[in-house]
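Single-letter residue listing:
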Amino acid sequence: MKEQKPAVWYEHLHTEKYTGARRGRLHTPHGVYETPMFMPVGTQGAVKGVNTRTLKEIGSQFILANTYHLWVRPGDELIAEAGGLHKYMGWDQAILTDSGGFQVFSLSDARKLKEEGVTFQNHVNGDKMFLSPEVAMRIQNNLGSDVMMQLDEAIPYFETYDYIKDSMQRSLRWADRAQQYHQKTDSQALFGIVQGAGFKDLRTESANELVKMDLPGYAVGGLSVGESKKEMNRVLDFTVPLLPEDKPRYLMGVAAPDSLIDGVIRGIDMFDCVLPTRIGRKGTLMTSKGRVVIKNARYKKDFSPIDPDLTYYSDNPIRKEQFGNLAQYDLPNYSPYQNLSRSYLHHLFNANERLGAQIASEHNLRYLLHLMEEMRTAIEEDRLLEFREQVLEDYGYNKKNARLF
């Protein structure tokens, strides 16, 4: 009898010769997607400033939605009544939902933690609410996301060893409770989250116990929360090898170009972060030649394209599949904004026109999605280290006192 595949499963295609980086595909109930990948964040069922059609056009595969915010409003039961989050927001590709824990634990002045879960006041109207592993699963089952995250405690990186140990072991118990409660294993996949801050023995215990649960995928949590990039890479070096090679690996909350490449080198397949849209709304662009703060006066008379070296839509396979090889989209570096200048975008921001934030957000997402497309090719061609050096040089990492975001 043929073994039943989980709702989400990883297909390995190639291992890069010099680094061990993985090139693969993630099979989901809503399609098959290429890894390594970056996932735009749609906190409240919407990626800020970018509609779902545009997300497809710029190469988005998965998007991430926030369990806490959708629970508070409009409510997970309403979304279930509407047919699930995919239908509610008009998105027919894959969705990953977090557990809601990060937001709840950010409410440090209004929450109480115990073994059963966490009691807190929500940020909208102050109502008292209770989040447990079972409640987080119920909400995510109602949302209908392809990938669901277990509830864990979001703690500062530099807490004491004893606190982190207690928290990590509680998160393991919560993962077990989440797995037992999960109602829709045929259509939704539960990922566990490896915790333990910078302590190798705690990360090892967390990973080993989660792997025993035989979950469909695993995330590395508790990083990109204030520690140095060197420290993050150190933790990934001893943590990722503990995770199964035949399952997806997800590093939470990372979007810096160097960290994306360094994570892929260490075996990570999936990333997400609000960075590209957050800085875009404030007028900072991620470009093929580095950081551009478009509100600066130097761009008032800069009539050059926003990023002449970045390919947009014409080379995007998802766009070709969805919309066909229409002649007007086959031009080199086609973009609806490619004929717009930096001067014009500078004007939009200084005139407080919302279109400015929309263009910048879409551009930043396209930059990162294109970076991942190029990274996948570099893995296939066994030249990821050369690719890394070129990206660092082009983006400006090698400049003295470089400001990157």
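Residues numbered from 1 in each chain as written. Predicted model: local features only at pLDDT ≥ 70, side-chain atom pairs only at ≥ 80, totals over all residues. Heavy atoms only, no water.

As annotated in an unreviewed UniProt entry, the chain is Queuine tRNA-ribosyltransferase from Fructobacillus parabroussonetiae. Database annotation for the chain, UniProt heading Subunit (unreviewed entry): "Homodimer. Within each dimer, one monomer is responsible for RNA recognition and catalysis, while the other monomer binds to the replacement base PreQ1." (UniProt positions renumbered as here; feature names shortened; annotations may be inferred.)

What follows concerns the UniProt feature "binding site: substrate" (unreviewed entry) in the chain. The UniProt entry lists Asp 98, Ser 99, Gly 100, Gly 101, Phe 102, Asp 152, Gln 195 and Gly 222 under the feature "binding site: substrate" (unreviewed entry), expressed in the numbering used here. Note on placement: Phe 102 falls in helix α5 (residues 101-106). Topologically, Gly 222 is positioned in the loop between β13 (217-220) and α9 (229-239). Beyond its immediate sequence surroundings of up to four residues, Gly 222 is in contact with Tyr 157, Gln 195 and Arg 203. (Helix = DSSP H or I, 4+ residues; strand = E, 2+ residues; numbered from the N terminus. Contact = heavy atoms within 4.5 Å.)

Let us look at the pairing of β13. Burial along β13 is two-sided: Gly 217 and Ala 219 and Tyr 218 and Val 220, pointing in opposite directions, are all buried. With four bridges connecting them, strand β12 (residues 189-194) and β13 associate as parallel partners. Directly across from Gly 192, in β13, lies its bridge partner Tyr 218. The β-α-β motif built from β12, the intervening helix α8 (residues 200-212) and the parallel element β13 has right-handed crossover chirality. One ladder, built from three bridges, connects β13 with strand β14 (residues 249-251); its direction is parallel. Residue pairing across strands places Tyr 218 opposite Arg 249, the latter belonging to β14. In this view, the connection linking β13 to its parallel neighbour β14 by way of α9 has right-handed handedness. (Buried < 20%, exposed > 50% of the residue type's maximum accessible area, 1.4 Å probe, protein only. Pairing = 2+ DSSP bridges. Right-handed = clockwise from strand over helix to strand, strands pointing away.)

What follows concerns the environment of Lys 289. Positionally, Lys 289 belongs in the loop between β16 (284-287) and β17 (290-293). For the pair Lys 289 and Val 391, spaced 102 residues apart in sequence, the C-alpha separation works out to 8.7 Å. Non-local contacts of Lys 289, meaning those with residues more than four positions away in its chain, are made with Asp 309, Asp 394 and Tyr 395.

The next thing to look at is helix α15 (residues 384-395). For α15, with 12 residues, the first-to-last C-alpha span of 16 Å sits near the 16 Å given by 1.5 Å per residue. Taken together, the buried positions of α15 are Leu 384, Phe 387, Val 391, Leu 392 and Tyr 395. Projected down its long axis, α15 shows its buried positions confined to an angular sector of 130 degrees, all on one face. On its buried side, α15 packs onto α10 (257-265), β16, β17 and α14 (354-380). Looking at the residues trailing α15, positive phi occurs at Gly 396, about 105 degrees. (Expected span 1.5 Å × (residues − 1). Arc of directions from axis to C-beta.)

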